[in-house]
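Observations on the model geometry
In case you want the letters, here they are:
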Amino acid sequence: MKAKKSLGQNFLHDEGVIHNIVKIINPKPTDQIIEIGPGHGAITQYLQASGAALHLIELDQDLIPILQQKFDHFKNVTIHHKDALKLELDTVNDPYKVVGNLPYNISSPLLISFLYQSPQIEQMIFMLQKEVVQRICAEPGSKLFGRLSVMLQHRFDCVAHLSIAPEAFNPRPKVDSQIIQLTTKVNPTDVKLPVLESLVKQAFAMRRKTIRNNLKKVISVEQLEAAGIDPSQRAETISLGQFEKLALLVEQSV
Ligand code: SAM
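Residues numbered from 1 in each chain as written. Predicted model: local features only at pLDDT ≥ 70, side-chain atom pairs only at ≥ 80, totals over all residues. Heavy atoms only, no water.

Considering the nonpolar core
Most often, soluble globular proteins keep nonpolar side chains buried together rather than apart. What counts, and what does not: Among buried residues, those of type Ala, Val, Leu, Ile, Met, Phe, Trp, Tyr and Cys that are joined through side-chain atoms within 4.5 Å constitute a nonpolar core. With a 1.4 Å probe rolled over the protein chains alone, any residue whose accessible area is under 20% of its type maximum counts as buried; one over 50% counts as exposed, and the rest are partly exposed. Any pair of residues with heavy atoms lying within 4.5 Å of one another is described as a contacting pair.
Counting 50 residues, the largest nonpolar core has Ile36 and Phe243 as the members making the most contacts within it. Apart from residues no more than four positions distant in its own chain, isoleucine 36 is found in contact with Ile57, Ala84, Leu87, Val98, Val99, Gly100, Asn101, Leu102, Leu110 and Phe114. The next biggest cluster of nonpolar side chains, apart from the first, holds 27 residues, and it includes Ile21, Ile43, Leu56 and Ile125.

Listed below in C-alpha coordinates is the structure:
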(Lines give C-alpha, C1' and ligand atoms only; values in the text may rest on other atoms or scores of the structure.)
Protein backbone atom coordinates (compact mmCIF):
# COMPACT_ATOMS: atom_id res chain seq x y z
CA MET A 1 0.00 0.00 0.00
CA LYS A 2 1.38 3.41 -1.01
CA ALA A 3 2.09 5.80 1.88
CA LYS A 4 -0.23 8.83 1.95
CA LYS A 5 1.64 12.12 2.16
CA SER A 6 -1.56 13.97 3.10
CA LEU A 7 -1.76 11.82 6.27
CA GLY A 8 1.89 12.34 7.18
CA GLN A 9 2.66 8.65 6.67
CA ASN A 10 6.33 7.88 7.30
CA PHE A 11 6.38 4.37 8.70
CA LEU A 12 9.11 3.32 11.13
CA HIS A 13 11.08 0.26 10.05
CA ASP A 14 14.30 0.54 12.12
CA GLU A 15 13.93 -1.99 14.96
CA GLY A 16 16.58 -0.20 17.05
CA VAL A 17 14.63 3.07 16.93
CA ILE A 18 11.34 1.27 17.64
CA HIS A 19 12.92 -0.39 20.72
CA ASN A 20 14.22 2.96 21.91
CA ILE A 21 10.84 4.66 21.75
CA VAL A 22 9.18 1.68 23.49
CA LYS A 23 11.86 1.80 26.21
CA ILE A 24 11.06 5.48 26.85
CA ILE A 25 7.30 4.76 26.88
CA ASN A 26 8.08 1.97 29.40
CA PRO A 27 4.60 0.37 29.08
CA LYS A 28 3.29 -1.51 32.12
CA PRO A 29 0.25 -3.84 32.52
CA THR A 30 -1.45 -1.20 34.71
CA ASP A 31 -1.03 1.57 32.09
CA GLN A 32 -3.75 3.01 29.90
CA ILE A 33 -2.16 4.03 26.63
CA ILE A 34 -3.53 5.89 23.62
CA GLU A 35 -1.45 5.46 20.49
CA ILE A 36 -2.00 8.14 17.85
CA GLY A 37 -1.54 6.93 14.27
CA PRO A 38 -0.49 3.29 14.80
CA GLY A 39 -0.03 2.81 11.03
CA HIS A 40 0.94 -0.83 10.44
CA GLY A 41 1.59 -1.38 14.15
CA ALA A 42 5.38 -1.00 14.33
CA ILE A 43 5.27 0.40 17.89
CA THR A 44 1.86 -1.11 18.72
CA GLN A 45 3.05 -4.72 18.82
CA TYR A 46 5.38 -3.98 21.76
CA LEU A 47 2.78 -1.88 23.59
CA GLN A 48 0.27 -4.72 23.22
CA ALA A 49 2.76 -7.27 24.55
CA SER A 50 3.20 -5.25 27.75
CA GLY A 51 -0.41 -5.99 28.75
CA ALA A 52 -1.32 -2.28 28.97
CA ALA A 53 -4.89 -1.27 28.05
CA LEU A 54 -4.28 0.09 24.58
CA HIS A 55 -6.43 2.40 22.43
CA LEU A 56 -5.38 2.87 18.82
CA ILE A 57 -6.53 6.04 17.04
CA GLU A 58 -6.05 5.75 13.27
CA LEU A 59 -7.65 8.00 10.64
CA ASP A 60 -6.70 6.05 7.51
CA GLN A 61 -9.61 3.74 6.59
CA ASP A 62 -7.26 1.54 4.54
CA LEU A 63 -5.14 0.75 7.62
CA ILE A 64 -8.07 -0.32 9.81
CA PRO A 65 -8.43 -3.89 8.38
CA ILE A 66 -4.65 -4.37 8.72
CA LEU A 67 -4.77 -3.29 12.36
CA GLN A 68 -7.87 -5.46 12.97
CA GLN A 69 -6.14 -8.50 11.55
CA LYS A 70 -3.10 -7.96 13.74
CA PHE A 71 -4.68 -6.80 17.00
CA ASP A 72 -8.46 -7.42 17.19
CA HIS A 73 -8.01 -10.79 18.96
CA PHE A 74 -6.10 -9.21 21.86
CA LYS A 75 -8.37 -8.31 24.79
CA ASN A 76 -6.19 -5.33 25.80
CA VAL A 77 -6.46 -3.57 22.40
CA THR A 78 -9.29 -1.36 21.10
CA ILE A 79 -9.12 0.07 17.59
CA HIS A 80 -10.79 3.42 16.88
CA HIS A 81 -11.20 4.68 13.33
CA LYS A 82 -11.02 8.31 14.35
CA ASP A 83 -9.38 11.69 13.81
CA ALA A 84 -6.96 12.31 16.70
CA LEU A 85 -7.70 16.05 16.41
CA LYS A 86 -11.27 15.27 17.55
CA LEU A 87 -10.24 13.08 20.48
CA GLU A 88 -11.91 14.07 23.76
CA LEU A 89 -10.46 12.65 26.96
CA ASP A 90 -12.50 14.65 29.45
CA THR A 91 -14.97 11.79 29.94
CA VAL A 92 -12.28 9.49 31.36
CA ASN A 93 -11.10 9.44 34.94
CA ASP A 94 -7.87 7.50 34.89
CA PRO A 95 -4.77 9.17 33.53
CA TYR A 96 -3.51 8.05 30.13
CA LYS A 97 -0.16 7.93 28.44
CA VAL A 98 -0.50 9.34 24.93
CA VAL A 99 2.16 8.10 22.52
CA GLY A 100 2.99 7.82 18.85
CA ASN A 101 5.04 8.62 15.83
CA LEU A 102 2.87 11.61 14.99
CA PRO A 103 1.86 12.76 11.52
CA TYR A 104 4.21 15.77 11.28
CA ASN A 105 1.77 17.85 9.20
CA ILE A 106 -0.63 18.17 12.16
CA SER A 107 1.74 17.83 15.12
CA SER A 108 1.38 21.40 16.45
CA PRO A 109 -2.48 21.45 16.51
CA LEU A 110 -2.41 17.95 18.04
CA LEU A 111 -0.04 19.07 20.80
CA ILE A 112 -2.20 22.12 21.58
CA SER A 113 -5.34 19.95 21.64
CA PHE A 114 -3.68 17.51 24.12
CA LEU A 115 -2.47 20.44 26.19
CA TYR A 116 -6.12 21.36 26.87
CA GLN A 117 -6.72 17.76 28.00
CA SER A 118 -3.61 17.52 30.17
CA PRO A 119 -5.47 16.73 33.44
CA GLN A 120 -6.39 13.37 31.87
CA ILE A 121 -2.84 12.78 30.62
CA GLU A 122 0.00 11.43 32.73
CA GLN A 123 2.67 11.50 30.08
CA MET A 124 3.08 11.98 26.32
CA ILE A 125 5.90 10.37 24.34
CA PHE A 126 6.09 11.31 20.68
CA MET A 127 8.30 11.10 17.66
CA LEU A 128 8.23 14.56 16.11
CA GLN A 129 10.09 16.66 13.61
CA LYS A 130 13.38 17.56 15.36
CA GLU A 131 12.80 21.29 14.91
CA VAL A 132 9.44 21.02 16.71
CA VAL A 133 11.06 19.17 19.65
CA GLN A 134 13.70 21.88 19.87
CA ARG A 135 11.05 24.59 19.79
CA ILE A 136 9.09 22.90 22.59
CA CYS A 137 12.17 22.50 24.83
CA ALA A 138 13.74 25.92 24.00
CA GLU A 139 14.74 28.31 26.76
CA PRO A 140 14.11 32.08 26.78
CA GLY A 141 16.82 33.92 24.83
CA SER A 142 16.83 31.28 22.09
CA LYS A 143 15.45 32.06 18.62
CA LEU A 144 13.40 28.85 18.89
CA PHE A 145 11.63 30.00 22.08
CA GLY A 146 8.01 30.78 21.17
CA ARG A 147 4.36 29.86 21.51
CA LEU A 148 4.89 26.08 21.64
CA SER A 149 7.66 26.42 24.27
CA VAL A 150 5.60 28.59 26.62
CA MET A 151 2.34 26.68 26.25
CA LEU A 152 3.78 23.17 26.59
CA GLN A 153 6.33 24.02 29.31
CA HIS A 154 3.47 25.61 31.28
CA ARG A 155 1.77 22.21 31.67
CA PHE A 156 4.55 19.67 31.05
CA ASP A 157 8.13 18.92 32.04
CA CYS A 158 9.84 18.45 28.67
CA VAL A 159 12.74 16.09 27.92
CA ALA A 160 14.24 15.76 24.43
CA HIS A 161 15.59 12.27 23.69
CA LEU A 162 17.28 10.73 20.66
CA SER A 163 17.54 12.36 17.26
CA ILE A 164 16.55 10.02 14.45
CA ALA A 165 17.79 10.18 10.85
CA PRO A 166 15.33 9.94 7.92
CA GLU A 167 16.64 6.43 7.05
CA ALA A 168 14.66 4.96 9.98
CA PHE A 169 11.40 5.61 8.09
CA ASN A 170 9.74 4.49 4.91
CA PRO A 171 9.25 6.70 2.98
CA ARG A 172 12.05 8.91 4.33
CA PRO A 173 10.88 12.30 5.63
CA LYS A 174 12.80 15.36 4.39
CA VAL A 175 13.70 16.33 7.97
CA ASP A 176 15.39 14.81 11.02
CA SER A 177 13.18 13.53 13.82
CA GLN A 178 13.46 13.39 17.59
CA ILE A 179 11.69 11.68 20.49
CA ILE A 180 10.17 13.90 23.18
CA GLN A 181 8.81 12.97 26.62
CA LEU A 182 6.32 15.37 28.18
CA THR A 183 5.31 14.67 31.78
CA THR A 184 2.25 16.47 33.14
CA LYS A 185 3.15 18.83 36.01
CA VAL A 186 1.37 18.01 39.27
CA ASN A 187 0.82 21.66 40.21
CA PRO A 188 1.01 23.90 37.15
CA THR A 189 0.54 27.64 37.81
CA ASP A 190 -3.21 28.23 38.02
CA VAL A 191 -3.85 30.33 34.92
CA LYS A 192 -6.60 29.93 32.34
CA LEU A 193 -5.15 28.26 29.25
CA PRO A 194 -7.14 30.35 26.70
CA VAL A 195 -5.91 33.55 28.41
CA LEU A 196 -2.29 32.38 28.34
CA GLU A 197 -2.62 31.13 24.76
CA SER A 198 -4.09 34.37 23.45
CA LEU A 199 -1.46 36.43 25.29
CA VAL A 200 1.43 34.32 24.00
CA LYS A 201 0.05 34.41 20.45
CA GLN A 202 -0.03 38.20 20.51
CA ALA A 203 3.34 38.50 22.27
CA PHE A 204 5.06 36.51 19.50
CA ALA A 205 2.99 37.95 16.62
CA MET A 206 5.90 40.16 15.48
CA ARG A 207 9.08 38.70 16.91
CA ARG A 208 11.17 41.81 16.18
CA LYS A 209 8.79 44.18 17.98
CA THR A 210 9.02 44.94 21.69
CA ILE A 211 6.63 43.29 24.12
CA ARG A 212 5.07 46.70 24.83
CA ASN A 213 4.15 47.07 21.14
CA ASN A 214 2.91 43.54 20.63
CA LEU A 215 0.73 43.62 23.76
CA LYS A 216 -0.37 47.26 23.74
CA LYS A 217 -4.04 46.35 23.22
CA VAL A 218 -4.18 44.00 26.20
CA ILE A 219 -1.65 45.09 28.79
CA SER A 220 -0.30 48.37 30.18
CA VAL A 221 3.34 49.33 30.75
CA GLU A 222 2.59 49.26 34.51
CA GLN A 223 1.33 45.68 34.26
CA LEU A 224 4.43 44.64 32.32
CA GLU A 225 6.60 46.18 35.01
CA ALA A 226 4.53 44.51 37.75
CA ALA A 227 5.42 41.17 36.14
CA GLY A 228 9.12 42.11 36.27
CA ILE A 229 9.31 42.78 32.52
CA ASP A 230 11.15 45.68 30.87
CA PRO A 231 8.66 46.97 28.22
CA SER A 232 11.49 47.20 25.67
CA GLN A 233 12.17 43.43 25.89
CA ARG A 234 11.23 41.12 23.03
CA ALA A 235 8.87 38.20 23.70
CA GLU A 236 11.63 35.62 23.15
CA THR A 237 13.51 36.90 26.24
CA ILE A 238 10.54 36.62 28.61
CA SER A 239 10.43 33.63 30.95
CA LEU A 240 7.57 31.15 31.38
CA GLY A 241 7.01 32.48 34.94
CA GLN A 242 6.68 36.05 33.63
CA PHE A 243 4.20 34.98 30.94
CA GLU A 244 2.17 33.21 33.63
CA LYS A 245 2.22 36.36 35.80
CA LEU A 246 1.04 38.46 32.84
CA ALA A 247 -1.81 36.01 32.18
CA LEU A 248 -2.88 36.29 35.84
CA LEU A 249 -2.84 40.10 35.57
CA VAL A 250 -5.00 39.94 32.41
CA GLU A 251 -7.44 37.58 34.18
CA GLN A 252 -7.70 39.98 37.14
CA SER A 253 -8.35 43.00 34.92
CA VAL A 254 -11.35 41.53 33.01
N1 SAM B 1 3.04 4.55 14.07
C2 SAM B 1 3.35 4.19 12.69
C3 SAM B 1 4.83 3.97 12.55
O4 SAM B 1 5.58 4.50 13.39
O5 SAM B 1 5.24 3.31 11.61
C6 SAM B 1 2.84 5.24 11.70
C7 SAM B 1 3.35 6.64 11.91
S8 SAM B 1 2.96 7.76 10.59
C9 SAM B 1 4.21 8.98 10.86
C10 SAM B 1 1.52 8.65 11.15
C11 SAM B 1 0.24 7.84 11.28
O12 SAM B 1 -0.81 8.70 11.72
C13 SAM B 1 -0.26 7.20 9.98
O14 SAM B 1 -0.67 5.89 10.24
C15 SAM B 1 -1.46 8.08 9.58
O16 SAM B 1 -2.43 7.42 8.80
C17 SAM B 1 -1.99 8.48 10.94
N18 SAM B 1 -2.77 9.74 10.97
C19 SAM B 1 -2.62 10.84 10.19
N20 SAM B 1 -3.48 11.80 10.56
C21 SAM B 1 -4.20 11.31 11.61
C22 SAM B 1 -5.24 11.82 12.42
N23 SAM B 1 -5.73 13.07 12.25
N24 SAM B 1 -5.76 11.03 13.39
C25 SAM B 1 -5.27 9.78 13.60
N26 SAM B 1 -4.28 9.24 12.85
C27 SAM B 1 -3.75 9.98 11.86
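There's more to say after this.
Some remarks on the pairing of strand 9 (residues 177-184)
Convention followed: Helix and strand definitions here come from DSSP, where helices need a minimum of 4 consecutive H or I residues and strands a minimum of 2 consecutive E residues; each element is numbered from the N-terminal end. When DSSP finds two or more bridges between two strands, those strands count as paired.
Within strand 9, seven of the eight residues are buried, which leaves the element mostly enclosed by the surrounding structure. Here strand 6 (residues 121-129) runs beside strand 9; their pairing, made up of seven bridges, is antiparallel. When the bridges of strand 9 are listed, phenylalanine 126 appears paired with isoleucine 180.

Regarding the packing of aromatic side chains
Spelled out, the test is: Ring pairs shown here join Phe, Tyr and Trp side chains whose ring centres sit within 6.5 Å, with only the six-membered ring taken for Trp; geometry is labelled stacked below 30 degrees between planes, edge-to-face above 60, and tilted in between.
Following the criterion strictly, the structure yields four aromatic pairs and no others. Here the aromatic rings of phenylalanine 204 and phenylalanine 243 are separated by 5.8 Å at their centres, their planes lie at 35°, and the arrangement is tilted. In this pair, phenylalanine 204 is assigned in the loop between helix 7 (193-203) and helix 8 (211-214) and phenylalanine 243 in helix 10 (residues 240-252), connecting sequence segments 39 residues apart. Here the two residues phenylalanine 204 and phenylalanine 243 agree in accessibility, since each one is buried.

Points about the site of the ligand
Here is the rule: We call a residue near a molecule or strand whenever a single non-hydrogen atom of that residue lies within 4 Å of it. Identification of polar contacts relies on pairs of N or O atoms within 3.5 Å, with a donor-acceptor requirement for protein atoms, meaning one able to donate a hydrogen and the other able to accept it, and with residues adjacent in sequence counted only if both atoms are side-chain atoms. Under the grouping applied here, Gly and all other residues not named as nonpolar or charged are polar, the nonpolar ones being Ala, Val, Leu, Ile, Met, Phe, Trp, Tyr, Cys and Pro and the charged ones Asp, Glu, Lys and Arg.
The environment of the ligand is made up of 23 residues, and the closest members are Gln9, Leu12, Gly37, Glu58 and Asp83. Residue glutamine 9 places a side-chain N or O atom 2.8 Å away from an oxygen atom belonging to the ligand. Within the side chain of glutamate 58, a nitrogen or oxygen atom sits 2.6 Å from an oxygen atom of the ligand. Those elements that place two or more of their residues in the shell around the ligand are strand 1 (11-12) and strand 3 (53-58). For the shell around the ligand, the per-class residue count stands at twelve nonpolar, six polar and five charged.

Observations concerning the packing of helix 5 (residues 130-137) against helix 6 (residues 147-155)
To characterise two packed helices, one gives the angle between the axes of the helices and the distance between these axes. Under the convention used in this document: For every element, the axis is a line fit to its C-alpha atoms; helices are fit only across the contacting stretch, and the angle between N-to-C directions ranges from 0 to 180 degrees. Handedness of a helix crossing follows the sense of rotation of the near helix relative to the far helix, less than a right angle counterclockwise being left-handed and clockwise being right-handed.
Contact geometry for helix 5 and helix 6: axes closest at 6 Å, N-to-C directions at 65°. Every pair of crossing elements has a handedness; the one defined by helix 5 and helix 6 is right-handed. Here Val132, Arg135, Ile136 and Cys137 of helix 5 lie close against helix 6, whose contacting residues are Leu148, Ser149, Leu152 and Gln153. Within the contact of helix 5 with helix 6, the residues separate by chemical class into five nonpolar, two polar and one charged.

Some words on the domain arrangement of the protein chain
In plain terms, the rule: As annotated, the domain borders come from an automatic or database domain assignment. Two parts placed together each lose some accessible area under a 1.4 Å probe, and adding up what both lose gives the buried area. A carboxyl oxygen of Asp or Glu within 4 Å of a side-chain nitrogen of Lys or Arg is what we treat as a salt bridge.
Examined at the domain level, the protein chain breaks down into domain 1 (5-184) and domain 2 (193-253). Inter-centroid distance (C-alpha atoms) of domain 1 to domain 2 is 31 Å. Each side of the interface is counted separately: domain 1 has 15 residues, and domain 2 has 16 residues. For the pair domain 1 and domain 2, the two sides together bury roughly 1,300 Å², of which 67% comes from carbon and sulfur. Inspection of the region where domain 1 meets domain 2 yields one salt bridge. Arginine 147 is paired through a salt bridge with glutamate 197; the nearest N and O atoms lie 3.1 Å apart.

Points about the side chain of glutamine 181
Take glutamine 181: it is sitting in strand 9. Take glutamine 181: its relative accessible area is 15%, and that puts it in the buried class. Separated by 2.7 Å, the side chains of glutamine 181 and histidine 161 make a polar contact. Residue contacts for glutamine 181: discarding those within four places in its chain leaves Ile24, Gln123, Met124, Ile125, Asp157, Cys158, Val159 and His161.

A word on the side chain of glutamine 223
Mapped onto the elements, glutamine 223 comes out in helix 9 (residues 221-226). The exposure class of glutamine 223 is buried, given its relative accessible area of 19%. Sequence-distant contacts of glutamine 223, that is, excluding residues within four places in its chain, are made with Val218, Leu246, Leu249 and Ser253.

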